[in-house]
Amino acid sequence: MTFVLPVGPQHPSLKEPEFFRFEVKGEEIVDVDIRLGYAHRGIEEAFSRRNYKHNVYLAERICGICNVVHSTTYCQTIEQLAGIEPPERAKYIRTIIMELERIHSHLLWLGVAAHQIGFDTLFMLAWRDREEVMDMRELISGGRVHSATNTIGGVRRNVKLEHIPEMLRRLDKLEKSTGYYADLWGSDRTILARCSKVGVLSKDDAVKFCAVGPVARASNLKLDIRRNDPYGTYEALSFDVVTESEGDVWARGTVRLREILESIRIVRQALHELPSGPLRVPVELKIPPNETLERTEAPRGELVYYARSNGTETPERIRVRTPTYGNFASMKSMFIGGTVAEIPIVMWSIDPCFGCNDRATILDARTGKVSVVNFKQLKRWRR
Amino acid sequence: MPRILPKVLQNLFRKPFTVKYPYVKRELPKGYRGRPAIDREKCIRCWLCIRACPDRAISIDRGTKTPSIWLGRCTFCGECAEVCPTKAIIMTEEFEYTTLYNVT
């Protein structure tokens, strides 16, 4: 006899709406069903109603935490579509801001994960150090969260010479504290008790369910778009692809913490090798009919943008596949066999971002029936 | 003994990391993107800002025949300040305000 335990759509371990239907046998989870689409905002449709330049800011608004990687991927897609090559300095500045974003996203993950397992001291400390990254981003781009730095054909703002010593000082501070957290994550008894051997995703399952990003790397899959399909300046910079073999929540945390250290290394190199030159190239916005696909490594995994142009100033279609969407399939194998108390931390361990995820799905969850609603119907309902 | 205890004790006896915000203000970095401000004297009515705005927040004021920004829609990207040929629109360092249908 199994019972159904609904989790969500309000506050399923984090403050974003998504519905999880767990079938439990006593304490043990035997089945899980995930229903998406509560935060659908119709962004892909909105893309095809604005011109290419205005869409940069729309792409930034898909996700707050990983906004630069969204706008960078969008700009790279459109540059590929139009056959533009951004200047070297612009590529380096994009790399610096993207890696700063990875650091702050992983520190945010660490803080919330610590909060989920009831370790609030680490939560406070991790978020305190996250401020260093936010200040660095404010220094470069003029905004703590939304950088608005990218544009098609380059970047809009420069990393000035006087910023560099300040940034290197902050990076040193960050490296020291991240090293401490990595040490703590591997040795503290509370963390080991709550995270070790919890939500295990084996290597075979990770391949079968197409896991991406840190989730795949924690299951010993050497999968990193920065290395496998290099974009921007990543070919010229040296860094390691971090992998762990355990595949549990603890391994996912370790991968993220070690990735912060790698990102700090990348930012240092990029600041050191920053070439001089122009920031952007002039762009002709009327792009002839063409289509392209571009992928990058967001903090949460592989981010894919597809774009099709039709000769006008607006794109015909933009499709976004976010990393959280890629990781949902592997969630089932993490949950089954676990207990109810593990739900929040396992759910958080893939670093879900439902705001990113729910752009394209329209589901009728009221009757339990999954149906695709076309635009005409939607228009009729609006009246 | 929990491993984090030395760090907890260390943090207990130092001054807080946060600033007492409304009373103490942090210095903003140069180039901060705050509320955009329009100098109506400098405006040459080329309307480049209206074309550049990704949120359609800028419209023409009927009275003065100059652009005005609806702050409820503005996302502080700074595109209008960048395209303005006479620097009539600048990004100020002001961020404390509230808006409903407030226009500059």
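Side note on the overall build of chain A
For chain A, the count of helices and strands is 15 helices and eight strands. At 21 Å, chain A has a C-alpha radius of gyration in line with the 21 Å of a compact globule built from 383 residues. Along the three orthogonal principal directions, the C-alpha set of chain A runs to about 65 × 55 × 35 Å. Each of the 383 residues in chain A was classed as buried or not, and the buried ones make up 57%.

Some points on the sheet that holds strand β3 (residues 28-35) of chain A
Residues and elements named next belong to chain A. If you trace the three strands from one edge of the open sheet to the other, you get β1-β2-β3, paired in antiparallel fashion. Since the sheet does not close on itself, it has two edges, and those belong to β1 (3-7) and β3, each with one partner. For this sheet the average axis-to-axis angle between neighbouring strands, irrespective of direction, equals 25°. The sheet contact formed by strand β2 (residues 19-25) and β3 spans seven bridges and is antiparallel. Following the sheet pairing, glutamate 23 is matched in β3 by aspartate 31. Where helix α12 (residues 323-335) meets the sheet, its contacts fall on β2 and β3, and the angle it forms with β3 comes to roughly 165°.

Digging into the sheet that holds strand β8 (residues 315-321) of chain A
Hydrogen bonds between backbone groups are what pair the strands of a sheet, and the pairing can be parallel or antiparallel. All names here are of chain A. Reading across the sheet, the three strands line up as β6-β7-β8 and stay open at both edges, with antiparallel pairing between neighbours. Two strands lie at the open edges of the sheet, namely β6 (290-298) and β8, each paired on one side alone. On average, each strand axis in the sheet is tilted by 15° relative to the strand beside it, whichever way the strands run. Bridge analysis of β6 against strand β7 (residues 301-309) gives nine bridges, and the strand direction is antiparallel. Considered in β7, the bridge of asparagine 290 is made with serine 309.

A short note on the pairing of β8(A)
Residue and element names in this part refer to chain A. Relative to β8, β7 runs antiparallel, the two sharing six bridges. Bridge pairing in β8 links valine 304 to arginine 321. Here β7 folds back onto β8, and the loop between the two strands holds five residues, one of which, glycine 311, carries a positive phi near 90°.

Quick look at the packing of aromatic side chains
Centre distance and the angle of the planes are the two values used to describe a pair of aromatic rings. Residue and element names in this part refer to chain A. Applying the stated criterion across every chain, the model contains 11 aromatic pairs over all chains. Among the aromatic residues, those joined into a cluster by ring pairs are Phe20, Phe22 and Phe335. The ring of tryptophan 127 has arginine 130 sitting right over it, with the charged end atom 5.1 Å from the ring centre. Positioned over the ring face of phenylalanine 239 is arginine 227, at 4.7 Å from the centre of the ring.

Some points on the interface of chain B and chain A
The interface of chain B with chain A comprises 25 residues on the first partner and 30 residues on the second. Regarding the contact of chain B and chain A, the summed buried area is about 2300 Å², with carbon and sulfur atoms giving 46% of it. Broken down residue by residue, the surface that chain B buries against chain A is led by B:Arg3, B:Ile4 and B:Arg33, which jointly contribute 28%. The shortest N-O distance in the salt bridge between B:Glu79 and A:Arg156 comes to 4.0 Å. Among the secondary structure elements, those contributing two or more residues to the side of chain B that touches chain A are α1 (5-12), α2 (48-52) and α3 (79-83) of chain B.

So, the environment of A:Asn67
Residues and elements named next belong to chain A. The topology assignment puts asparagine 67 in helix α3 (residues 67-82). Along the backbone, asparagine 67 and alanine 148 are 81 residues apart, and their C-alpha atoms lie at a distance of 9.0 Å. Asparagine 67 has contacts with Glu60, Glu101, Arg137, Val145, His146 and Ser147, leaving out every residue within four places of it along the chain. Within the structure, the side chain of asparagine 67 is placed 2.9 Å from the backbone oxygen of glycine 64, a separation counted as a polar contact.

Basis of the calculations
- Residues numbered from 1 in each chain as written.
- Chains lettered and ligands numbered in written order.
- Predicted model: local features only at pLDDT ≥ 70, side-chain atom pairs only at ≥ 80, totals over all residues.
- Heavy atoms only, no water.
- Helix = DSSP H or I, 4+ residues; strand = E, 2+ residues; numbered from the N terminus.
- Rg over C-alpha atoms; globule rule 2.2 N^0.38 Å.
- Buried < 20%, exposed > 50% of the residue type's maximum accessible area, 1.4 Å probe, protein only.
- Pairing = 2+ DSSP bridges.
- Axes fitted to C-alpha atoms, helices over the stretch in contact; angles between N-to-C directions.
- Contact = heavy atoms within 4.5 Å.
- Phe/Tyr/Trp six-rings, centres within 6.5 Å; stacked < 30°, edge-to-face > 60°.
- Lys NZ or Arg CZ within 6 Å of the ring centre and 35° of its normal.
- Buried area = accessible area lost by both parts, 1.4 Å probe.
- Salt bridge = Lys/Arg side-chain N within 4 Å of Asp/Glu carboxyl O.
- Polar contact = N/O pair within 3.5 Å; in protein donor to acceptor, adjacent residues only side chain to side chain.

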